[in-house]
Amino acid sequence: MAVAIWSSGLVIMCCLFLFLCSYPPLWPFLFIYWIWIQVDTAPETGRRIFPSVRRSKFWRYFAEYYPVSRVFLFLQETDLPPDRPYVFGYHPHGVGALVTFATEATGFSSLFPGITPHLLTLTNNFKVPFYRDILMALGIYSVSKASCSNILKAGPGSSITIVVGGAAESLSARPGTVNLTLRKRFGFIKVAIQHGADLVPVFSFGENDIYEQMPNEKGTTIHTLQKHFQSIFGFTLPLFHGRGVLNYNLGLMPYRRRIVVVIGRPIPVKQHDKPTTEEVREVQEKYITELTRIWDTYKDEFAKARLRELQIVE
Ligand SMILES: *[C@@H]1O[C@H](CO)[C@@H](O)[C@H](O)[C@H]1NC(C)=O
């Protein structure tokens, strides 16, 4: 139920807004709220977190949907001292980022005391009435440059999580494989260098196993249409399916399969206002090495059913 509710959250909130609009006495309030959404700068500042919303039982149910009781088993490989800012890079794109960084279901705050997590997502989400306020309460903010900088400016203990591969990566998600979009993504590394934040690679096992996706390799019509859609709207519509709410064969619910989020060792960087291309590439090299190390260390435990090794495609 928790998973079904959250998956349809955006649609439910839009419907709720339209429903309220059908009641004329509310119009002045809705109008003011609508204007507020347009001018509110909070999605870029990261200061509207409500820890009680993050700790809600709802998220425990959400996390426990997947088979093991402690689903998003959180492997603490390292301590992250709260004496500096952090930039977490999350791979591959998926629901574990939400559970780990935007809720307390796997106990982020007790594992890493003193670090405030901010998961960053597409700016358009903050135009959706009510939904935006829930996102911000969870610590989810806009992924714009301004927002990264505003959050990290707070200094020691501040952190952002960027799902580096984003929309492009979600299109290549297939059970048993992990194709990462990473090679040409330099923005998050630049941000980390500019703010002297340690870079922390995070790899999530099982993330690509919870949905099946229609074949959309390069060259197929579906791929072309999806890329076209992405260039217009900035996000993609993967043609995916999982199970139903009450059946196991077909539907939009994810399969109940274990997801294991591993937080890697932090990579220190030297603070620098204008990082050069060489510096960025050098840090990227270390980052990819650490990410690959996580994969190699745990693949036999958490990716037993893999069909192929980890690939960094573009
Ligand atoms: C993943 O990468 C491999 C190797 O580059 C490629 O053969 C495969 O088609 C890719 N899968 C998807 C779904 O893009």
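Residues numbered from 1 in each chain as written. Predicted model: local features only at pLDDT ≥ 70, side-chain atom pairs only at ≥ 80, totals over all residues. Heavy atoms only, no water.

> Looking at this structure, how should I read the site of the ligand?
Taken together, Ser-172, Arg-174, Asn-179, Glu-217, Arg-308, Gln-311 and Val-313 make up the full set of residues adjacent to the ligand. Measuring from an oxygen atom of the ligand, one finds a side-chain N or O atom of Asn-179 at 2.4 Å. A per-class count over the shell around the ligand returns one nonpolar, three polar and three charged. (Near = heavy atom within 4 Å. Polar contact = N/O pair within 3.5 Å; in protein donor to acceptor, adjacent residues only side chain to side chain. Nonpolar A, V, L, I, M, F, W, Y, C, P; charged D, E, K, R; others polar.)

> Looking at this model, I keep getting lost on the side chain of Glu-104. Mind explaining?
Looking at where Glu-104 falls in the secondary structure, it is placed in the loop between helix H6 (95–102) and helix H7 (108–111). A distance of 3.3 Å separates a polar atom in the side chain of Glu-104 from the backbone nitrogen of Phe-108. Within polar-contact distance, the side chain of Glu-104 engages the side chain of Ser-109 at 2.7 Å. Apart from the residues lying within four places of it in its own chain, the contact partners of Glu-104 are Arg-54, Arg-55 and Ser-109. (Helix = DSSP H or I, 4+ residues; strand = E, 2+ residues; numbered from the N terminus. Contact = heavy atoms within 4.5 Å.)

> Quick question: what am I supposed to make of the state of the cysteines here?
Working definition of a disulfide: a covalent bond connecting the sulfur atoms of two cysteines. A full pass over the atoms with the stated rule returns zero disulfides. Lacking any disulfide linkage, Cys-15 is separated from the closest cysteine sulfur, that of Cys-14, by 6.8 Å. (Disulfide = S-S within 2.5 Å.)

> Any chance you could explain the nonpolar core here in plain terms?
Across soluble globular proteins, nonpolar side chains show a tendency to be buried alongside one another. Within the largest apolar cluster, 77 residues are counted, with the highest numbers of intra-cluster contacts made by Phe-62, Phe-88, Ile-160, Phe-188, Leu-199, Phe-203 and Phe-205. No other element matches the nine residues that helix H13 (residues 277–302) contributes to this core. Apart from the residues within four sequence positions on either side, Phe-188 is in contact with Val-87, Ile-162, Val-164, Leu-182, Leu-199 and Tyr-287. (Core = buried A, V, L, I, M, F, W, Y, C linked by side-chain atoms within 4.5 Å. Buried < 20%, exposed > 50% of the residue type's maximum accessible area, 1.4 Å probe, protein only.)

> Would you mind going over the confidence of the model for the protein chain with me for this structure?
The share of residues in the protein chain with pLDDT of 70 or more is 96%, and the mean pLDDT across the chain is 89. The low-confidence segment residues 67–73, where pLDDT is below 50, has 23 contacts with residues more than four positions distant or belonging to other chains. (pLDDT = per-residue confidence, 0-100.)

> Before we go on, may I ask you to explain the UniProt feature "transmembrane region" (unreviewed entry) in the protein chain in this structure?
The UniProt feature table records "transmembrane region" (unreviewed entry) at residues 12–36. Across residues 12–36, the secondary structure splits into 80% helix and 0% strand, with the terminal C-alpha atoms separated by 20 Å. (UniProt positions renumbered as here; feature names shortened; annotations may be inferred.)

> Is there a simple way to explain empty space enclosed by the protein in this structure?
Counting across every chain of the model gives one cavity of 30 Å³ or more. Each pocket or cavity is described by its volume, and for the largest cavity that value is around 40 Å³. Considering the residues around the largest cavity, the lining is formed by Pro-92, His-93, Glu-169, Ser-170, Ser-172, Ala-173, Asn-179 and Asn-208. Across the lining of the largest cavity, the residue classes break down as two nonpolar, five polar and one charged. (1 Å grid on protein atoms, 1.4 Å probe; cavity = no way out; pocket = protein on both sides within 12 Å on 5 of 7 lines; lining within 4 Å. Points joined across faces, edges and corners; volume = space filled by probe spheres on them.)

> Even after reading the chapter, I still don't get unusual backbone geometry, so can you show me in this structure?
Backbone phi values are negative for most residues with the exception of glycine, while trans is the configuration of most peptide bonds. For the peptide bond that leads from His-91 to Pro-92, omega is -15°, which places it in the cis range. Assignment of secondary structure puts Pro-92 in the loop between strand E2 (86–91) and H6. If you check the backbone angles, Phe-130 has positive phi at about 65° while not being a glycine. Relative to the helices and strands, Phe-130 resides in the loop between strand E3 (119–121) and helix H8 (131–137).

> What exactly am I supposed to notice about helix H12 (residues 221–233) here?
Spacing of three or four residues puts side chains on the same side of an α-helix, whose turn is 3.6 residues. Over its 13 residues, H12 runs 18 Å from end to end, which matches the ideal 18 Å to within 8%, given 1.5 Å per residue. Within H12, the full set of buried residues consists of His-223, Gln-226 and Gln-230. Axial view of H12: buried residues confined to an arc of 65°, hence all on one face. For H12, exposure combined with an orientation more than 90 degrees from the buried face picks out Thr-221, Leu-225, His-228, Ser-231 and Ile-232. Buried residues belonging to H12 abut helix H10 (166–170) and strand E8 (212–213). Residue Gly-234 follows H12 closely and has a positive phi angle near 85°. (Expected span 1.5 Å × (residues − 1). Arc of directions from axis to C-beta.)

> Can you walk me through a nonpolar patch on the surface in this structure?
Taken together, Leu-122, Val-143, Ile-232, Phe-233, Phe-235 and Leu-237 make up a surface patch of nonpolar side chains, about 510 Å² in accessible area. Summarising the element assignment, Phe-235 is placed in the loop between H12 and strand E9 (240–241). (Patch = residues over 30% accessible without salt bridge, like charges linked within 9 Å, V, L, I, M, F, W, Y side chains within 5 Å. Areas by Shrake-Rupley, 256 points an atom, 1.4 Å probe, with all protein chains shown as cover. Salt bridge = Lys/Arg side-chain N within 4 Å of Asp/Glu carboxyl O.)

> Can you walk me through the pairing of E2 in this structure?
Look at any regular strand and the pattern is simple: side chains alternate between the two faces of the sheet. Of all the six residues making up E2, six are buried; the element is thus mostly covered by neighbouring parts of the structure. Burial along E2 is two-sided: the face carrying Tyr-86, Phe-88 and Tyr-90 and the face carrying Val-87, Gly-89 and His-91 are both buried. Sheet topology note: the E2/strand E5 (residues 159–163) ladder contains five bridges and is parallel. Residue pairing across strands places Phe-88 opposite Thr-161, the latter belonging to E5. Pairing analysis gives six bridges linking E2 to strand E7 (residues 198–205), with the strands arranged parallel. (Pairing = 2+ DSSP bridges.)

> So what exactly am I meant to see when it comes to the pattern of salt bridges here?
Pairs can form between side chains of opposite charge whenever their charged atoms are close. Throughout the structure, instances matching the rule amount to twelve salt bridges. As a salt-bridge pair, Arg-54 and Glu-104 come within 2.7 Å of each other at their nearest N and O atoms. Linking Arg-54 in helix H4 (residues 51–54) with Glu-104 in the loop between H6 and H7, this pair joins segments that are 50 residues apart in sequence. One salt bridge connects Asp-300 with Arg-306, and the closest N-O pair in it is separated by 3.0 Å. Residue classification places Asp-300 among the exposed positions, given a relative accessible area of 51%. Connected via shared salt-bridge partners are Asp-296, Lys-299, Asp-300, Arg-306 and Glu-309.

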